[in-house]
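Summary of structural features
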Amino acid sequence: MRFIIRRAGFFLLTLWAALSLNFFLPRLMPGSPAERIIAHLHGAVSQSEVRAIELSLGINNSQGIWPQYFTYLGHTATGNLGLSYSQGEPVSKVIGGALPWTLGLVGITTILAFILGTAIGAVAAWRRGSRFDSVMPPLFVFTTAIPFFWVGMVLILIFSVHLGWLPAGGNTGQLAVPSFSPSYIGDVLVHAILPSLTLLITGIGGWVLTMRNNMVTTLTEDYVRMARAKGLSSFRVMADYAARNAILPNLTGFAMSLGFVVSGAILVEYVFNYQGVGYYLLNAVGYDDYPLMQGLFLIITVAVLVAILLSDIATAILDPRTRTAG
Amino acid sequence: MALPVTTGQAAGLPEPGGLTAAGPHRRTALRRFTQAIRTNRKATIGVALMAIFIFVALFPGLLAHQSPTAYSPHITAPPSAAHWLGTDNIGADIYAQVIDGTRNVMILAIAVGALTTAVAMVIGVTAAYLGGVWDGVLNLVTDVLLVIPIFPLLIIIAGYFPNAGNDVLIVVLSFTGWSYTARQLRSQAQSLSNRDFLLAARVRGERPFYVIMVEIIPTMTSLLLASFLNNALYAVLAGSGLQFIGLGKSNNVSWGTTLYWANQNAAWTTGRYLWFIVPGLCIALLGVAFAFINYAFDEIGNPALRPLSAAKVRKAAEASTRRRLASRGERAR
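Rules of the game
- Residues numbered from 1 in each chain as written.
- Chains lettered and ligands numbered in written order.
- Predicted model: local features only at pLDDT ≥ 70, side-chain atom pairs only at ≥ 80, totals over all residues.
- Helix = DSSP H or I, 4+ residues; strand = E, 2+ residues; numbered from the N terminus.
- Contact = placed C-beta atoms within 7 Å.
- Buried ≥ 20, exposed ≤ 12 C-beta atoms within 10 Å, placed from the backbone.
- Nonpolar A, V, L, I, M, F, W, Y, C, P; charged D, E, K, R; others polar.
- pLDDT = per-residue confidence, 0-100.
- Axes fitted to C-alpha atoms, helices over the stretch in contact; angles between N-to-C directions.
- Left-handed = near helix turned anticlockwise from the far one by under 90°.
- Expected span 1.5 Å × (residues − 1).
- Bend = angle between axes of the 7 residues up to and from the residue.
- Parallel < 35°, antiparallel > 145°, perpendicular 65-115°, else oblique.

**Some thoughts on the overall build of chain B**
When its secondary structure is counted, chain B shows 15 helices and zero strands. Residue pairs at least 24 apart in sequence account for 72% of intrachain contacts in chain B once pairs closer than 6 positions are excluded.

Below you can see the structure in the form of structure tokens.
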């Protein structure tokens, strides 16, 4: 119980730190947010419009900075994220429109990368010293070190420009109308292939390497030797005895990485013009759209916190040792 | 990894198990490192690549004679004898940008690697050594920074510095990226706290600063080196990523900036493939150099890869798993 209270306190503190960063960063930087926005409007605004922009940003120059800060915290707590200046819509609506795309694309890819990577890592460790094992780990050290926005560009070059098989960007075709028809769903999937492949290529390596490492350790355990001595099939020893235990540390990492789903693919969304959270974040930065920036950063932080909470719970359920130790 | 590693270990490396070793001195760590370079194929490749990049960074004038930023009438020209990789949208030589950009990227990698590790060392080791309230506060700050998504934050900060050079990038990356290393170093320092040589130092009445710098830090050389390499890799990927979305686009000669302009001018639709393939490949190869050296170093120092008693194997593998989780790369995104 004490543990839960401490964790909850930590989450609140982190959330507060993120919100405060959000609030103070624009105000610490040179120039006022409103001035920057007005610069984007090419100066064609009247005094009262400046005032309106400032108000929509929560900037009220007649107050000190602290009352503004508390107003901002209050608004955020009640779910009022303000109005996005560049999209002309409430921030919550923009986020609501972007979030499903990111969760779908990056979420599914993260799960795929985890499953594939863990399987490859387990097999590599099981066949330690084989050709498979001598090729795979160096290959995946390589893929973890390449910048993934560049992988995206190369894939576009190969599959869109040269072969013409797949679209180079966008969530759907330009004329697609959202519906549950097979053609629309097919369109969505076709547009997701390249960004997803990009994330898969660069994301899988970490899982392979950690799983192989865990597996190498687990294989020396007595219960694995015992399983072998019992004459169980090779596959069963590998999957049910060794891999099942070796996967535990990876599961925690997996839950954590789900939290980074929302923010993990910013550059991929940028390269492919995929209109998810990262795409809008970059847009917001480009247009100095502070309310949208703040709202997106809040959502990204919340996603990470929720994932950590889930990973805590998952570890406690799956690994009894942590329950007594915690 | 089968062959070279075993020969390396048969050659009798000093003190296995970088993390659990009871105080390896700087010289043995260095010797182990040179041994690794000679005997481990990944280390050989990593160090060779690194040597090439260092050479290019030191002597760009030997390889490229044109200005990387000068305007010319030949805009987006295809590769030719005069411009090996063609020219960009203002007619500047892309080959010169790649060569001259090497220095900036190397400075970024080394500076961020060193600064991040240094900040992490000060905070992590101090927290562990002083304990109590200090430990609580520093640990809390570390944990909060660990959880806050850094890359989106960097993008927001970068929005305020459209003309940022290397210096801004170094400062921003270093002061946001230290938390994971700090946590590792803290737990490492904590595991040492009851060792005799530290108790002896306390009994002698040494001041905390002396104990931290002279007694604790030297025992962590291998972990510090691994952190340096990890953080340098992170700097290359995150820094290039930020430049790719336009940070410092107007006055910086860097691979990420070249990629930004290639992307802005849709280099793939106009057939100027080399414009983005070469700088991107350079980032990848430099990243690989750091990652290979680190991985090889880990492999050599990790007794899990050789036959040992089960308990020892387990201990070392757990430590390296924790380390490996760090390099998994979310940080770089």
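**Considering the overall build of chain A**
Helix and strand counts for chain A stand at 14 helices and two strands. Burial status across chain A gives 41% buried among its 326 residues.

**Section: the interface of chain A and chain B**
Each side of the interface is counted separately: chain A has 51 residues, and chain B has 49 residues. The set of elements that each furnish at least two residues to the side of chain A that touches chain B consists of helix 1 (2–28), helix 6 (131–144), helix 7 (148–162), helix 8 (182–218), helix 10 (234–259), helix 11 (266–271), helix 12 (277–286) and helix 13 (290–318) of chain A. Grouping the amino acids of the side of chain A that touches chain B by side-chain chemistry returns 36 nonpolar, 15 polar and no charged.

**Here's the deal with unusual backbone geometry**
Residue and element names in this part refer to chain A. For Asn 273, which is not a glycine, the phi torsion comes out positive at approximately 50 degrees. Within the secondary structure, Asn 273 sits in the loop between helix 11 and helix 12. Note on Asn 273: 14 C-beta atoms within 10 Å, which makes it partly exposed.

**What about the confidence of the model for chain B?**
Residues and elements named next belong to chain B. The predicted model of chain B averages 74 in pLDDT, with 75% of residues at 70 or higher. A low-confidence stretch, residues 1–24 (pLDDT under 50), is modelled with 49 contacts involving residues beyond four sequence positions or located in other chains. Under a pLDDT of 50 for its full length, residues 305–313 has, in the predicted model, eleven contacts with residues more than four places off or in other chains. With a pTM of 0.77, the predicted complex shows an ipTM of 0.78.

**Overview of the packing of helix 5 (residues 91–126) of chain A against helix 8 of chain A**
Residue and element names in this part refer to chain A. At a minimum axis distance of 6 Å, the contact between helix 5 and helix 8 shows a crossing angle of 35 degrees. In this structure, the crossing between helix 5 and helix 8 has a hand that is right-handed. When its residues are assigned to classes, the contact of helix 5 with helix 8 shows 22 nonpolar, eight polar and one charged.

**A short note on the environment of Gly 278 of chain A**
Residue and element names in this part refer to chain A. Examined against the element boundaries, Gly 278 turns out to sit in helix 12. In the structure, Gly 278 is positioned 38 residues away from Asp 240 in sequence and 39 Å away in space, judged by C-alpha atoms. In this structure Gly 278 touches Thr 102, Ser 263, Ala 265, Ile 266, Glu 269 and Tyr 270, once residues within four positions along its chain are discounted.

**Some thoughts on the environment of Ala 48 of chain B**
By the secondary structure assignment, Ala 48 of chain B is in helix 3 (residues 41–58). The exposed category is assigned to Ala 48 of chain B, around which 12 C-beta atoms lie within 10 Å.

**Observations concerning helix 5 (residues 94–130) of chain B**
All names here are of chain B. The first and last C-alpha atoms of helix 5 sit 52 Å apart over 37 residues, in line with the 54 Å expected at 1.5 Å per residue. Of all the bends in helix 5, the greatest measures close to 30 degrees and is centred on Gly 101. With 26 of 37 residues buried, helix 5 lies mostly within the body of the structure. Positive phi appears at Gly 131, one or two residues downstream of helix 5, with a value of about 65 degrees.

**Description of the confidence of the model for chain A**
Mean pLDDT over chain A works out to 77, with 82% of the residues at or above the 70 mark. Averaged pLDDT values over the elements of chain A bottom out at 57 in helix 14 (residues 320–325) of chain A and peak at 86 in helix 5 of chain A.

**A short note on helix 3 of chain B**
Along its 18 residues, helix 3 of chain B runs 26 Å from first to last C-alpha, staying within 8% of the 26 Å computed at 1.5 Å per residue. Buried within helix 3 of chain B we find Lys 42, Ala 43, Gly 46, Val 47 and Val 56 of chain B.

**Notes on the packing of helix 5 of chain A against helix 6 of chain A**
All names here are of chain A. The geometry of helix 5 relative to helix 6 is characterised by a closest axis approach of 8 Å and an angle of 135 degrees between their N-to-C directions. Put simply, helix 5 runs oblique to helix 6. Where helix 5 crosses over helix 6, the handedness of that crossing is left-handed. Note on element contacts: helix 6 touches helix 5 through Phe 132, Asp 133, Met 136 and Pro 137, opposite Ile 120, Val 123 and Ala 124. Here the contact of helix 5 with helix 6 is built from residues that sort into six nonpolar, no polar and one charged.

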